[in-house]
Amino acid sequence: MSRRGRVTVGVLVGVFLLFTLLGWGIDAYTDYLWFDEVNFTGVYTGVLVTRLLLFLAIGLAMALVIAANLYLAYRLRPLLRPHSAEQATLERYRMVIQPRLGTWITIVSVVIGFFAGLSAQSRWKDWMLFQNSQSFGVKDPQFNVDVGFYIFDYPLWRYLLGVGFTTIVLSVIGALAVHYIFGGVRLQGVGDRMTAAARAHLTTLVAFFVLLKAVAYILDRRALLLEQHVSPGLYGAGYTDVNALLPAKEILAYISIVVAIAIIVFSNAVMRNLVWPGVSLALLAISAVAIGGIYPLAVQNFQVQPSLADKEAPYIARSIEATRAAFGLAATEVRPYAASVTVPPATLASDTSAQNVRLIDPQLVSEAYTQQQQVRGFYDFGPKLDVDRYTLADDKPQDYVVGVREINDNALTTQQQNWLNRHTVFTHGYGMVAAPANQVVCGGLPYFVSGFLGDDQQPGCASETEEIKVDQPRIYFGEQSTEYAIVGQTDENKRTEFDRPQPNDKNAEERYTYAGSGGVPIGSFFRRLVFAIKNTESNFLLSDAVNNKSRLMYVRDPRSRVEKVAPFLTIDGDPYPAVVDGRIKWILDGYTTAATYPYAQRINLQEETTDELTNRGTVALARDNINYMRNSVKATVDAYDGTVTLYEFDEGDPVLKAWNQAFGGKLITPKAQTPASLAAHFRYPADMFKVQRNLLARFHVTTPSEYFSGQDFWQVPNVPDDPDSGVKQPPFYLNVELPGQKGTRFQLTSAVTPNNRDNLAALISGSYVDNKPVLEVLELPDQTAIQGPVQVHQRMTNNTTVRSELTLLSNSNQSQVLFGNLISLPVGLGMLYVEPVYVKSGQQDAVPLLQKVLMSYGDGGTYVVLANSLKEGLDKLVAQGKSNQPPTTTPPGGTTPPAGTDQPPALTGQLAQAAAALDKAIADVKTAQASGDFVKYGQALQALETAMNNFQAAQKAAGTATPTTGPSVPPSQAPSTAPSAPAPTPSG
């Protein structure tokens, strides 16, 4: 290459490195400024220093080992080489390499070390946990080793073992190449194919590889407790592993040590050739196949499979116990709930829990909030609101549907889309809007009690004053704050930020100047230059909007801020706002997770937490495979100044203790220092609850034999109004008192059904008692006739009267009927179902309005009402229970009921015939269901539906049916599942 060419290449490489290093430097500097703003520089420096040290340590170690082996191979070259065509060909390569051997070795070693360092720096979490390991106080059932070894130590040892294997393999390849180029290894010519020095060098490296394999066998013994081996589909070491594979791994470790010694001795001291070392390696491979493969396979096939359940029972018990401990299920309170009352009791209308059922669906009313409380078109509340509780004037906690009024940058007009408006004018939202969760006014709208922009609220549609008072209502940090904002002015009278419309003139607007401590000061020319380069925006240097008192706000989304401050946490996908001591704060749940808890079931976090609300106002979690999870942290982000605070929530979590110690011991605020006003708004986290609920669907079974059979497993039902979508029904926050609880609690609830069936199996709830999590299960009898959410929705909407009313609603102005959250609530020793019905007209910009409440009691289909309000619906159900008791027919054999019993009048005429036909249809369904013949079962279900319709028609003809009831079938005789092909439901 000519001198000019070398200069050109050098300049291009220099420019590339300059811009690359400049970009890295600017990113590092702006990150430091951000961490300095939130007072978490210890996290930034701690992670940066750890990553740098790992990069240097692993990269340098691997580079030195490989360089030493390459240089050693060169030093061991033969001084005299036999003449051959092969050596003549290699001479040209030696002439190129030998004059600059040091340079070539350095280049190769540095490149390999660089990539090794890049891999190592990503393991900073493993190193920090290893350095600050804690004791779990729990030992694994096989080796009696503390679980902390698997969580804190095992991942790093496994990584270092991989580094060792890679280093040896690369050293062997490199040394072999150097030996070949310089004649130590020959493929042609007379004499030995390898010199004694080359043989000693290469066989020593191979011996080290085999020794590392011995270490790998030892770690593999521990790894068996982390892999999926236990039938059926459980993790940990099973019968074959414990009785065959564990001894095999130990034997292979000893064999590996013997083989390593044999390789060195036989190749250099005794035989001085590669025959016996080769034989030793072959024996090791054969032993690995025979002892580690064939023998365990034989044990599995001939000892375990014939009596699989009995052999695996102790190990199934281990997996169940470990899984329940790893995911916080061990203390779950399971109570039987018979749900034996199927007739609405007289006390239903006055039941506190029934009166507190949430009607407003946070997913459907967001449009109503946006339209009724926005004033300006760029305000937005997001696709889903949140549920929280407040204690107001009556001193009773009540749940509210809440949302913050933020600016949606994508909703700005074309004129408002310029840089100045996006980043210096429309910088913040205003106010938190709240409405009681079960109160509807003004034709189906929520009753707003806070977050008003003015005093001109429509009478009766909102409270006259702010009931939830906020001292600082401005939202600078929110879920929709995707753009950076520049705030602050040198002139106090010059206010450029749009604040809100004027209360008395909605066409006029108020301006504001930020007066808080949030954001990074960018008054100096140097900082403006840095951020101009980072954002590729010259206005940082040219615009008058950037002045000496300007502050730059970036990374404004609460979830991103907490993830940046605590990168070791997994953050719940649904942050929610709360008014705490007069300020709006975002509350986020942080999870510590691990993937190496022995015998615990491994799950995919994203798959387990995905349901109907995912990506609709909630964030999907990462696709991490974990087998340990704790809600260890409650984090807050101040909506005005962006302050991030991490509060300890699980005081016994060793993983959180390790992370806190890794960052100086002051990263996490102790739980005792959590303000009571803040703790009052803590709620059971949704993603944690979903994981626990899904695991309880199987791991509520604690007997190994029953778990092996899988007959009592549960499943989460699909969305009731669209079950064919395959999307799971989300859990719901309710402020109720469930059976067995003392007092009303704000809790997360979810119904589950038996596996591959649709009737109700249990109701799972999560709540806090004395600021500690409590998980409870109300379990129904195995053969209960109580319907699950999907069946209940189908039976309610297929009710003749309900269907006709829904059809009228959907046909009016081409309206669309939308069903809200179907809530299953155990009340009065029975089951109450409540499903709000929204109507969205065909007019442009129409919002869904809550028009009706669909309710049922008992089995979900006998007592059904479509009411205008919750109170009206409860009253109607009570009235049905009093006036329309289920009919009875003459018992088989013509026997008469005992005297003195309270029996309804005997049925006569066409009604009696219809009742008899209905009894026969129910009996046929039960017979077909017991036979397992799905064809007959489907035919019997269709016949049952026909009989039910005939009976209902006979009731009406006889004048015994109320307008809103379905067929009065004895609940005890109802089939356990609904027809597989129900009539179509209204749209929505």
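Comments concerning the overall build of the protein chain
Part 1 of the argument: When you go through the protein chain residue by residue, the secondary structure sums to 26 helices and 34 strands.
Part 2 of the argument: The buried share of the protein chain, taken over its 988 residues, is 53%.
Part 3 of the argument: Sequence separation of at least 24 residues holds for 69% of the intrachain contacts in the protein chain that already meet a minimum separation of 6.
Part 4 of the argument: When the accessible area of the protein chain is evaluated, it comes to approximately 43,600 Å², of which 56% is carbon and sulfur surface.

Topic: helix α9 (residues 275–304)
Part 1 of the argument: Between its first and last C-alpha, α9 extends 41 Å over 30 residues, near the 44 Å set by a 1.5 Å rise per residue.
Part 2 of the argument: In the structure, α9 departs most strongly from a straight axis at I294, where the bend amounts to approximately 25° and where the proline P296 lies between one and four residues downstream.
Part 3 of the argument: When α9 is considered as a whole, its buried residues turn out to be P277, S280, L284, S287, P296, V299, Q300 and V304.

What to know about the packing of aromatic side chains
Given two aromatic rings, their pairing is described by the distance between the two centres and the angle made by the two planes.
Part 1 of the argument: One pass over the full model with this rule turns up 40 aromatic pairs.
Part 2 of the argument: For the ring pair Y733 and F746, a centre distance of 5.4 Å and an interplane angle of 5° mean the geometry is stacked. One end of the pair, Y733, is in strand β26 (residues 732–736); the other, F746, is in strand β27 (residues 745–754), and 13 residues separate them in sequence. Considered together, Y733 and F746 belong to a single accessibility category, that of buried residues.
Part 3 of the argument: By way of ring pairs, the aromatic residues F649, F682, Y684, F689 and Y768 are connected into one cluster.
Part 4 of the argument: The aromatic ring of Y74 is capped on one face by R77, whose charged end is 4.0 Å from the ring centroid.
Part 5 of the argument: In this structure, K671 is placed above the aromatic ring of F649, and the distance from its NZ or CZ to the ring centre is 4.6 Å.

Overview of the environment of T753
Part 1 of the argument: Within the secondary structure layout, T753 lies in strand β27.
Part 2 of the argument: Counting along the chain gives 10 residues from T753 to L763, while the straight-line C-alpha distance between them is 9.0 Å.
Part 3 of the argument: If near-sequence neighbours (up to four positions away) are discounted, T753 is found in contact with W714, Q715, P717, D758, N759, A761, G788 and P789.
Part 4 of the argument: A distance of 3.2 Å separates a polar side-chain atom of T753 from the backbone oxygen of R757.

Some points on the sheet that holds strand β16 (residues 520–521)
Pairing between sheet strands relies on hydrogen bonds along the backbone, with the strands arranged either parallel or antiparallel.
Part 1 of the argument: Across the sheet, which stays open at both edges, the three strands sit in the order β13-β17-β16 with antiparallel pairing between neighbours. Each edge of the open sheet carries a strand with a single partner, namely β13 (485–487) and β16.
Part 2 of the argument: Both β13 and strand β17 (residues 551–553) contribute to a ladder of three bridges, which runs antiparallel. Bridging across to β17, I486 finds its partner in L552.

Points about the state of the cysteines
Part 1 of the argument: Counting across every chain of the model gives one disulfide.
Part 2 of the argument: Paired through a disulfide, C442 and C461 show a sulfur-sulfur distance of 1.6 Å. Torsion about the S-S bond of the C442 and C461 cystine: about -100°, corresponding to left-handed handedness. Of the two residues, C442 sits in the loop between β10 (440–441) and β11 (445–446) while C461 sits in the loop between β11 and β12 (474–475), which places them 19 residues apart along the sequence.

Remarks on the sheet that holds strand β5 (residues 386–391)
Part 1 of the argument: Read from one edge of the open sheet, three strands run β5-β6-β9, paired in antiparallel fashion. If you trace the sheet from one side to the other, it starts and ends with β5 and β9 (432–436), each paired once. Neighbour to neighbour, the strand axes of the sheet diverge by 40° on average, direction disregarded.
Part 2 of the argument: When strand β6 (residues 397–404) meets β9, the two strands line up antiparallel, connected through five bridges. Within the sheet, the bridge partner assigned to G403 lies in β9 and is V433.

Some remarks on the confidence of the model for the protein chain
Part 1 of the argument: Here the protein chain averages 87 in pLDDT, and 90% of its residues register 70 or above.
Part 2 of the argument: Low pLDDT, under 50, characterises residues 886–906; the stretch is placed with 17 contacts to residues that sit more than four places away or in other chains.
Part 3 of the argument: The low-confidence segment residues 960–988, where pLDDT is below 50, has 93 contacts with residues more than four positions distant or belonging to other chains.

Points about the pattern of salt bridges
Part 1 of the argument: Throughout the structure, instances matching the rule amount to 33 salt bridges.
Part 2 of the argument: A salt bridge links D650 to R630; the nearest nitrogen and oxygen atoms lie 3.7 Å apart. Placement of the pair is D650 in the loop between β24 (644–648) and α18 (654–662) and R630 in strand β23 (residues 628–638), with a sequence separation of 20 residues.
Part 3 of the argument: Residues K876 and E872 are paired through a salt bridge, measuring 3.3 Å at the closest nitrogen-oxygen approach. With a gap of four residues between them, K876 and E872 both fall in helix α24 (residues 870–883), about one helical turn apart.
Part 4 of the argument: Here K876 falls in the partly exposed class, since its relative accessible area comes to 30%.
Part 5 of the argument: Residue E872 is classed as partly exposed on the basis of its relative accessible area of 24%.
Part 6 of the argument: The structure contains a network of salt bridges with shared partners spanning E333, R335, R745 and E776.

Quick look at the nonpolar core
Part 1 of the argument: In this structure, F40, F327, Y390, Y597 and L646 are the most contacted members of the largest nonpolar core, which totals 162 residues.
Part 2 of the argument: Here the element with the most residues in this core is helix α6 (residues 147–181); it accounts for 13 residues.
Part 3 of the argument: Setting aside residues no more than four positions away along its own chain, Y390 makes contact with K396, P397, Q398, Y400, V402, M432, I468, P577, A578, V579 and H681.
Part 4 of the argument: By size, the runner-up hydrophobic cluster in this structure holds 62 residues, among which are A339, Y369, L760 and L778.

Observations regarding empty space enclosed by the protein
Part 1 of the argument: The full count for this structure, using the stated rule, is three cavities of 30 Å³ or more.
Part 2 of the argument: In terms of residue class, the lining of the largest cavity is built from four nonpolar, five polar and five charged.
Part 3 of the argument: In this structure, the second largest cavity encloses a volume near 70 Å³.
Part 4 of the argument: The wall of the second largest cavity is formed by Q729, P730, F732, T749, S750, A751, L763, P789, L822, I823 and S824.
Part 5 of the argument: Broken down by secondary-structure element, the contributors of at least two residues to the lining of the second largest cavity are β27 and β31 (823–827).
Part 6 of the argument: When residues of the lining of the second largest cavity are assigned to their parent elements, the largest contribution, three residues, is made by β27.
Part 7 of the argument: For the lining of the second largest cavity, the residue count by class is seven nonpolar, four polar and no charged.

Remarks on the environment of I181
Part 1 of the argument: Inspection of the secondary structure puts I181 in helix α6.
Part 2 of the argument: Sequence spacing of I181 and R92 is 89 residues, and the spatial spacing of their C-alpha atoms is 9.8 Å.

A short note on the packing of helix α1 (residues 3–37) against helix α14 (residues 525–534)
Part 1 of the argument: Where α1 meets α14, the axes come as close as 10 Å, and the angle between the chain directions of the two elements is 120°. Of the possible angle classes, the one that applies to α1 and α14 is oblique. Where α1 crosses over α14, the two elements pack in a sense that is left-handed. Taking contact as the criterion, the partners of I26, D27, Y29, T30 and L33 in α1 are, on α14, F526, R527, V530, F531, I533 and K534.

So, the side chain of D638
Part 1 of the argument: Along the chain, D638 turns up in strand β23.
Part 2 of the argument: Sequence-distant contacts of D638, that is, excluding residues within four places in its chain, are made with F477, R583, I584, K585 and T643.

Comments concerning the packing of helix α2 (residues 41–75) against helix α4 (residues 101–121)
Part 1 of the argument: Relative orientation of the contacting elements α2 and α4 amounts to 150°, with a least axis distance of 7 Å. As for how α2 packs across α4, the hand of that crossing is right-handed. Residues R51, L54, F55, I58, G59, M62, A63, I66, A67, L70, Y71 and Y74 of α2 form the contact with α4, whose participating residues are L101, I105, V108, S109, I112, G113, F114, A116, G117, L118, A120 and Q121.
Part 2 of the argument: When grouped by side-chain class, the residues that make up the contact of α2 with α4 number 18 nonpolar, five polar and one charged.

A closer look at a nonpolar patch on the surface
Part 1 of the argument: A contiguous nonpolar surface patch, about 1,000 Å² in accessible area, is contributed by V7, V11, V15, L18, F19, L22, F525, L529, I533, L541 and L542.
Part 2 of the argument: Examining the composition of the nonpolar patch, we find that six residues originate from one element, α1, more than from any other.
Part 3 of the argument: Note that F525 resides in helix α14.

Considerations on α14
Part 1 of the argument: Along α14, the residues classified as buried are R528, V530, F531 and A532.
Part 2 of the argument: Two residues or fewer past α14, T536 is found with a positive phi of approximately 45°.

What counts as what
- Residues numbered from 1 in each chain as written.
- Predicted model: local features only at pLDDT ≥ 70, side-chain atom pairs only at ≥ 80, totals over all residues.
- Heavy atoms only, no water.
- Helix = DSSP H or I, 4+ residues; strand = E, 2+ residues; numbered from the N terminus.
- Buried < 20%, exposed > 50% of the residue type's maximum accessible area, 1.4 Å probe, protein only.
- Contact = heavy atoms within 4.5 Å.
- Areas by Shrake-Rupley, 256 points an atom, 1.4 Å probe, with all protein chains shown as cover.
- Expected span 1.5 Å × (residues − 1).
- Bend = angle between axes of the 7 residues up to and from the residue.
- Phe/Tyr/Trp six-rings, centres within 6.5 Å; stacked < 30°, edge-to-face > 60°.
- Lys NZ or Arg CZ within 6 Å of the ring centre and 35° of its normal.
- Polar contact = N/O pair within 3.5 Å; in protein donor to acceptor, adjacent residues only side chain to side chain.
- Pairing = 2+ DSSP bridges.
- Disulfide = S-S within 2.5 Å.
- Axes fitted to C-alpha atoms, helices over the stretch in contact; angles between N-to-C directions.
- pLDDT = per-residue confidence, 0-100.
- Salt bridge = Lys/Arg side-chain N within 4 Å of Asp/Glu carboxyl O.
- Core = buried A, V, L, I, M, F, W, Y, C linked by side-chain atoms within 4.5 Å.
- 1 Å grid on protein atoms, 1.4 Å probe; cavity = no way out; pocket = protein on both sides within 12 Å on 5 of 7 lines; lining within 4 Å.
- Points joined across faces, edges and corners; volume = space filled by probe spheres on them.
- Nonpolar A, V, L, I, M, F, W, Y, C, P; charged D, E, K, R; others polar.
- Parallel < 35°, antiparallel > 145°, perpendicular 65-115°, else oblique.
- Left-handed = near helix turned anticlockwise from the far one by under 90°.
- Patch = residues over 30% accessible without salt bridge, like charges linked within 9 Å, V, L, I, M, F, W, Y side chains within 5 Å.

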